[in-house]
Amino acid sequence: MKIAMIGTGYVGLVSGVCFSDFGHEVVCVDKDPAKIEKLLRGEVPIYEPGLEQLMAKNVAAGRLSFTLDLAAAVAGADAVFIAVGTPTRRGDGHADLRYVMAAAEEIGAALTGYTVVVTKSTVPVGTNRKVAEAVARTAGDTPFDVASNPEFLREGAAIDDFMRPDRVVVGVENDRARKTMADIYRPLSLREFPVVYTNLESAEMIKYAANAFLATKITFINEIARLCEKVGADVKAVSKGIGMDGRIGSKFLHAGPGYGGSCFPKDTKALARIGQDHAVPMQITETVIRVNDEIKHRMIEKIEDLCDGALRDKVITILGVTFKPNTDDMRDAPSLTIIPALVGAGAKVRVVDPQGRHEGEALLPGVKWVESAYGAAQGADLLVLLTEWNEFRALDLGKLAKKMAHPRLADLRNVYDRDEVLAAGFETYVGVGR
Ligand code: NAD
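Residues numbered from 1 in each chain as written. Predicted model: local features only at pLDDT ≥ 70, side-chain atom pairs only at ≥ 80, totals over all residues. Heavy atoms only, no water.

1. Describing the site of the ligand
In the region of the ligand, 22 residues are neighbours, and Asp30, Lys35, Thr86, Glu155 and Lys266 sit closest. Within the side chain of Asp30, an N or O atom sits 2.6 Å from an oxygen atom of the ligand. One of the side-chain nitrogen or oxygen atoms of Glu155 is found 2.7 Å away from a nitrogen atom of the ligand. Of the residues that constitute the shell around the ligand, the class distribution is seven nonpolar, seven polar and eight charged. Counting contributing residues per domain, the shell around the ligand is built from domain 1 (2–198) and domain 2 (199–434), each supplying no fewer than three. (Near = heavy atom within 4 Å. Polar contact = N/O pair within 3.5 Å; in protein donor to acceptor, adjacent residues only side chain to side chain. Nonpolar A, V, L, I, M, F, W, Y, C, P; charged D, E, K, R; others polar. Domains from an automatic or database assignment.)

And the structure:
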């Protein structure tokens with residue numbers, strides 16, 4: 001199959017590389033010349049484990065290429081995937097569809113024969129029909145179909161998620177489009193990963209419902225964690241105890257500083273807006289958004305309490321600023337709420353992150369970037385574990401405690417045991433929900 005992938009961000013690039021690894025002929029398009037130049041040099045513009053090697057393998061095999069020229073990539077393609085951003089629109093919480101619609105019109109003008117135009121971006125219910133209208137406006141008599149194919153990969157584990165998905169969701173309106181999509185995903189269905197076919201609206205809804213459900217699950221355990229702190233329970237034990245129930249499941253039950261990232265915050269907000277537009281308020285999702293915000297602010301209070309109620313001039317070392325480990329993505333990371341509040345209150349904040357500096361430097365003014373946790377702990381009043389990168393999971397606690405002016409640990413990911421931390425020489429340990 002010949003595929004054009006429009007947008008080479010976290011989703012488009014991983015999808016394009018993986019499709020080429022299936023054996024398809026893939027051209028990845030972006031309108032950002034800097035990204036395309038990097039890709040043509042064999043460099044990956046984002047941090048995603050394993051992507052550079054897989055990309056190099058498929059470029060060398062002649063199945064994968066990159067271009068700024070959308071029309072050349074679309075001409076002759078069996079399917080064109082739209083994988084551009086759908087950020088929150090300023091002011092009203094809706095998904096901003098301007099990039100999707102601009103791409104759709106450009107694609108329509110470039111079609112040369114029957115093509116399936118597939119929306120991979122996360123888009124509100126009803127958008128694929130608008131995409132069809134936008135393509136039709138410029139396509140003339142060239143036949144095409146639209147399909148909805150939301151993506152469920154997680155940054156940091158994106159290749160494995162794409163290659164071994166729990167399911168692939170495909171919304172189509174006729175057999176011809178379904179056959180094209182089945183041919184594209186055949187390598188996965190042969191390996192018995194299920195492909196779920198639905199209509200366009202259901203496929204669009206599945207993506208928002210899935211993300212809102214996961215955001216709810218995280219927020220639920222974060223709220224339980226808060227109660228655990230008051231009643232003497234340990235949320236880690238509670239998560240284990242409830243997660244072993246097959247109806248509940250153990251994933252997404254880790255208490256922490258609140259969800260962030262490029263999807264949950266914007267997708268929960270967009271779902272709330274879709275509900276309002278249809279006079280069906282998404283009351284649970286709206287509450288989740290509010291509670292998650294409160295949780296992030298509660299982390300600031302936790303840190304302030306650990307600093308004896310006064311943040312001014314306290315030296316605080318933050319380990320991890322990306323929204324989760326194994327990505328350089330800073331979009332809506334909890335660090336962007338927590339760190340500016342500390343800096344604003346007069347704390348001297350040092351930051352360590354294996355991949356976060358490139359994006360984070362502009363977003364976190366007033367902090368000092370340090371290469372290693374041990375260097376950053378020198379003379380510090382408090383250590384805050386905010387993102388659980390592997391290199392922060394097995395720290396030499398004794399060495400850290402000796403370097404710090406006041407060895408105190410706020411473990412916002414519950415990585416360490418209180419007894420072990422205290423035995424290593426720390427004077428205080430605080431986790432989340434324990
Ligand atoms: P991103 O911002 O990383 O990438 C989008 C890319 O599209 C950018 O490189 C941009 O330059 C390019 N682009 C925009 N308009 C274009 C045009 N007209 N022609 C060519 N290129 C264009 O975004 P992302 O994180 O990859 O997300 C893309 C979509 O996938 C979003 O709807 C998102 O909600 C969804 N999604 C993201 C994830 C994730 O983990 N990031 C997971 C599942 C779904």
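2. Focus on the pairing of strand β4 (residues 79–82)
Residues in a regular strand project their side chains so that they alternate between the two faces of the sheet. Residues Ala79 and Phe81 of β4 are buried on one face, and the alternating residues Val80 and Ile82, pointing to the opposite face, are buried as well. Both strand β1 (residues 2–6) and β4 contribute to a ladder of four bridges, which runs parallel. Looking across to β4, one finds that Met5 is bridged to Phe81. Pairing geometry for β4 and strand β5 (residues 115–119), over four bridges, is parallel. Looking across to β5, one finds that Ala79 is bridged to Val116. (Buried < 20%, exposed > 50% of the residue type's maximum accessible area, 1.4 Å probe, protein only. Helix = DSSP H or I, 4+ residues; strand = E, 2+ residues; numbered from the N terminus. Pairing = 2+ DSSP bridges.)

3. Considering the packing of helix α9 (residues 200–231) against helix α10 (residues 235–243)
Here α9 crosses α10 at 135 degrees, and the two axes come no closer than 9 Å. Comparing their axes, α10 and α9 come out oblique. In this structure, the crossing between α9 and α10 has a hand that is right-handed. Contacts between α9 and α10 involve Ile221, Ile224, Ala225 and Cys228 from the first element and Val235, Val238, Ser239 and Ile242 from the second. (Axes fitted to C-alpha atoms, helices over the stretch in contact; angles between N-to-C directions. Parallel < 35°, antiparallel > 145°, perpendicular 65-115°, else oblique. Left-handed = near helix turned anticlockwise from the far one by under 90°. Contact = heavy atoms within 4.5 Å.)

4. Describing helix α11 (residues 264–277)
Residues that lie three or four places apart on an α-helix share one face, since the helix turns once every 3.6 residues. Between its first and last C-alpha, α11 extends 20 Å over 14 residues, near the 20 Å set by a 1.5 Å rise per residue. Of all 14 residues making up α11, 10 are buried, and the element is well covered by its neighbours. Considered for burial, the residues of α11 that qualify are Phe264, Pro265, Lys266, Asp267, Thr268, Ala270, Leu271, Ala272, Ile274 and Gly275. Those residues of α11 that are buried are in contact with α9 and α12 (283–306). Of the residues one or two after α11, Ala279 is the one with positive phi, at around 55 degrees. (Expected span 1.5 Å × (residues − 1).)

5. Brief notes about the pattern of salt bridges
Within this structure, the stated rule accounts for 25 salt bridges. For Lys57, the salt bridge goes to Asp21, with nearest N and O atoms at 2.9 Å. Residue Lys57 is located in helix α3 (residues 51–60), and its partner Asp21 is located in helix α1 (residues 10–22); the two are separated by 36 residues in the primary sequence. Look at Lys57 and you get partly exposed, because its relative accessible area is 47%. The exposure class of Asp21 is partly exposed, given its relative accessible area of 23%. One continuous salt-bridge network, built from bridges that share partners, spans Arg129, Glu173 and Glu201. (Salt bridge = Lys/Arg side-chain N within 4 Å of Asp/Glu carboxyl O.)

6. Remarks on unusual backbone geometry
Unlike most non-glycine residues, Ala279 shows phi in positive territory, near 55 degrees. Mapped onto the fold, Ala279 is located in the loop between α11 and α12. Overall, the relative accessible area of 67% leaves Ala279 in the exposed class. The phi torsion at Asp308 lies on the positive side, around 60 degrees, for a residue other than glycine. In this fold, Asp308 is placed in the loop between α12 and β9 (315–319). In this structure Asp308 comes out as exposed when scored by relative accessible area, which is 60%.

7. Thoughts on the domain arrangement of the protein
Along its sequence, the protein is carved into domain 1 (2–198) and domain 2 (199–434). Computed from C-alpha coordinates alone, the two centres of domain 1 and domain 2 are separated by 32 Å. Taken residue by residue, the interface counts 36 residues in domain 1 and 28 residues in domain 2. Note on domain 1 versus domain 2: buried area summed over both sides is about 2700 Å², and carbon and sulfur give 58% of it. Of all residues in domain 1, Tyr47, Val125 and Glu155 bury the most surface against domain 2, accounting for 25% of the area lost on that side. Where domain 1 touches domain 2, the interface holds two salt bridges. Summed over the shared surface of domain 1 and domain 2, the result is 14 residue pairs in polar contact (both at pLDDT 80 or more). Secondary structure elements with two or more residues in the side of domain 1 that touches domain 2: α6 (127–139), β6 (144–148) and β7 (168–171). (Buried area = accessible area lost by both parts, 1.4 Å probe.)

8. A closer look at the packing of aromatic side chains
Counted according to the given criterion, the structure contains eight aromatic pairs. The interplanar angle of 45 degrees and the centroid separation of 5.1 Å between the aromatic rings of Phe19 and Phe81 together place this pair among those described as tilted. Note that Phe19 is positioned in helix α1 and Phe81 in strand β4, a separation of 62 residues in sequence. With 6.0 Å between their ring centres and 85 degrees between their planes, Tyr259 and Phe264 make a pair best called edge-to-face. (Phe/Tyr/Trp six-rings, centres within 6.5 Å; stacked < 30°, edge-to-face > 60°.)

9. Concerning the pairing of β9
The buried fraction of β9 is high, at five of five residues. In terms of strand pairing, β9 meets strand β10 (residues 348–352) through five bridges, oriented parallel. Of the residues in β10, the one forming a bridge with Val315 is Lys348. The parallel pair β9 and β10 is bridged by helix α13 (residues 335–344), and the resulting crossover is right-handed. For β9 and strand β12 (residues 382–385), the ladder comprises four bridges, and the chain directions are parallel. (Right-handed = clockwise from strand over helix to strand, strands pointing away.)

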